[in-house]
Amino acid sequence: MSVDSPDDALARVLTRTGLSYPRGVLGEQTATLAAALDDGVGGAEFDSQAAAAAAELWSELQPAMAASLRQHLEGAIGPDAADLRAILIWADDGDSDNPLSRALAVRAAHELAAAVRRARTAVAAAEPAIAAGGPEGAIAVARAAGLAVVELLDLDPEDFAPEIATYVDGGESADALDELARVTGDEEIRTWAHDALDGISAVGPGEARAAMRLLVEAEREDDPAKDPVWVPAILALVEQGFERALVASAVEAAAEPPNGKELS
């Protein structure tokens, strides 16, 4: 019979709570760790990189992680509550050299590595259309850039639901799109978007990669509505929002009994 360990409790808490670092705050050390995961780096080198990623993030994010765990503890009972109380000891530790800090850094790196793979897949899929050039190629560049940014920043259409609703109410016109870009594209998020696209377009062959580089290296406009990286990203979010709404509508329709009568 195996003896339950603090690491087991930590794994259960992370699974149940979904506790993780926001993608937009991850730094260079986490990106290095994500690349190491893809390269199969292990042993002492991996341990060193994991420690560096943990140290990079913990001092800033430790209060938010501890607060989140306390919120989960408020409604927890039995073994769940015991697990949370055990992990809160690490959550309250200001030193990044603790199992929770390291586990969150490694989880963030795994999620970032997966997002980078999905972003590169989106860019690679656009390669034929981009190589062909013309209007279709330009559209493919913008679409691939938007999808890549959404993946890399872990953006969610629900976070922009009111702004997207206003855009739809405005008839999805060019003016409505300009306004959508301006109300969502603050300087910080646009900088993240450019940095993220810069990261995946810095290496590799192909017309798609070169096209991404042109977007990243273009002179930055003060007006978010003229930002060739942010506008495609917010449009990608609009499309995802529409897709979710369609799926939800289909599920709701499928759950309704025929002719509006309840099934016995």
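Residues numbered from 1 in each chain as written. Predicted model: local features only at pLDDT ≥ 70, side-chain atom pairs only at ≥ 80, totals over all residues. Heavy atoms only, no water.

Observations concerning the overall build of the protein chain
And then number 1: Across its full length, the protein chain holds 12 helices and zero strands.
And then number 2: When its helices and strands are written in sequence order, the protein chain yields α-α-α-α-α-α-α-α-α-α-α-α.
And then number 3: Dimensions of the protein chain, computed from the C-alpha atoms along their principal axes, are close to 65 × 60 × 35 Å.
And then number 4: Counting across all 264 residues of the protein chain, residues that qualify as buried make up 39%.
And then number 5: Taking the intrachain contacts of the protein chain between residues at least 6 apart in sequence as the baseline, contacts between residues at least 24 apart amount to 76%.
And then number 6: Summed over its atoms, the accessible surface of the protein chain is roughly 14500 Å², and 54% of this surface lies on carbon and sulfur atoms.
And then number 7: One way to put it: in the protein chain the 19 positive side-chain charges average out to a point 3 Å from where the 48 negative ones average out. (Helix = DSSP H or I, 4+ residues; strand = E, 2+ residues; numbered from the N terminus. Buried < 20%, exposed > 50% of the residue type's maximum accessible area, 1.4 Å probe, protein only. Contact = heavy atoms within 4.5 Å. Areas by Shrake-Rupley, 256 points an atom, 1.4 Å probe, with all protein chains shown as cover. Lys, Arg positive; Asp, Glu negative; His and termini not counted. Charge placed at Lys NZ, Arg CZ, Asp CG, Glu CD.)

Here's the deal with the pattern of salt bridges
And then number 1: Overall, the coordinates contain 15 salt bridges when judged by the stated rule.
And then number 2: As a salt-bridge pair, Asp-156 and Arg-244 come within 2.9 Å of each other at their nearest N and O atoms. Here the residue Asp-156 occupies a position in the loop between α7 (134-153) and α8 (161-169), and Arg-244 occupies one in helix α12 (residues 230-255), the gap between them amounting to 88 residues.
And then number 3: By relative accessible area, Asp-156 is classed as partly exposed at 22%.
And then number 4: Accessibility expressed as a relative area gives 38% for Arg-244, which makes it partly exposed.
And then number 5: Its salt-bridge partner being Arg-213, residue Asp-198 comes within 2.5 Å of it at the nearest N-O pair. With Asp-198 in helix α10 (residues 187-201) and Arg-213 in helix α11 (residues 207-217), this residue pair connects regions lying 15 residues apart in the sequence.
And then number 6: Residue classification places Asp-198 among the partly exposed positions, given a relative accessible area of 30%. (Salt bridge = Lys/Arg side-chain N within 4 Å of Asp/Glu carboxyl O.)

Let's talk about the nonpolar core
Generally speaking, a soluble globular protein has its nonpolar side chains buried in company with each other.
And then number 1: Core analysis: the biggest nonpolar cluster contains 75 residues, and Tyr-21, Leu-69, Leu-100, Leu-197 and Trp-230 have the highest contact counts within it.
And then number 2: It is helix α5 (residues 99-125) that contributes the most residues to this core, 11 residues altogether.
And then number 3: Sequence-distant contacts of Leu-197, defined by excluding residues within four places in its chain, comprise Ala-145, Ala-148, Val-149, Leu-152, Met-212, Leu-215, Val-216 and Val-229. (Core = buried A, V, L, I, M, F, W, Y, C linked by side-chain atoms within 4.5 Å.)

Some remarks on the environment of Thr-15
And then number 1: Here Thr-15 is to be found in helix α1 (residues 6-17).
And then number 2: Side-chain polar atoms of Thr-15 contact the backbone oxygen of Ala-11, separated by 2.9 Å. (Polar contact = N/O pair within 3.5 Å; in protein donor to acceptor, adjacent residues only side chain to side chain.)

Section: α12
And then number 1: Between its first and last C-alpha atoms α12 spans 38 Å; for 26 residues at 1.5 Å apiece the expected length is 38 Å, and the two agree.
And then number 2: Taken residue by residue, α12 has Trp-230, Val-231, Pro-232, Ala-233, Ile-234, Ala-236, Leu-237 and Val-238 as its buried positions.
And then number 3: Its buried side turned inward, α12 meets α7, α8, α9 (174-184) and α10. (Expected span 1.5 Å × (residues − 1).)

Let's talk about unusual backbone geometry
And then number 1: Located in the positive-phi region is Asp-154, a residue other than glycine, with phi close to 55°.
And then number 2: Locating Asp-154 in the fold gives a position in the loop between α7 and α8.
And then number 3: For Glu-172, which is not glycine, the phi dihedral falls at a positive 55°.

What about the side chain of Asp-223?
And then number 1: Position of Asp-223 among the secondary structure elements: in the loop between α11 and α12.
And then number 2: For Asp-223, a relative accessible area of 19% translates into the label buried.
And then number 3: Of the polar contacts made by the side chain of Asp-223, one reaches the side chain of Arg-182; its length is 2.9 Å.
And then number 4: When near neighbours in sequence (up to four residues on either side) are disregarded, Asp-223 contacts Arg-182 and Arg-190.

Remarks on the environment of Glu-172
And then number 1: Looking at where Glu-172 falls in the secondary structure, it is placed in the loop between α8 and α9.
And then number 2: Beyond its immediate chain neighbours, meaning those up to four positions away, Glu-172 contacts Tyr-167 and Phe-242.

Here's the deal with the side chain of Ser-101
And then number 1: Mapped onto the elements, Ser-101 comes out in helix α5.
And then number 2: Here Ser-101 falls in the buried class, since its relative accessible area comes to 0%.
And then number 3: Separated by 3.1 Å, the side chain of Ser-101 and the backbone oxygen of Ser-96 make a polar contact.
And then number 4: Residue contacts for Ser-101: discarding those within four places in its chain leaves Tyr-21, Ala-54, Trp-58 and Ser-96.

Overview of the packing of helix α3 (residues 43-74) against α5
And then number 1: Where α3 contacts α5, the axes come no closer than 7 Å and their chain directions differ by 105°. Judged by the angle between their axes, α3 and α5 are roughly perpendicular. Residues Phe-46, Asp-47, Ala-50, Ala-51, Ala-53, Ala-54, Trp-58, Met-65 and Leu-69 of α3 lie in contact with α5, whose contacting residues are Leu-100, Ser-101, Arg-102, Leu-104, Ala-105 and Val-106. (Axes fitted to C-alpha atoms, helices over the stretch in contact; angles between N-to-C directions. Parallel < 35°, antiparallel > 145°, perpendicular 65-115°, else oblique.)

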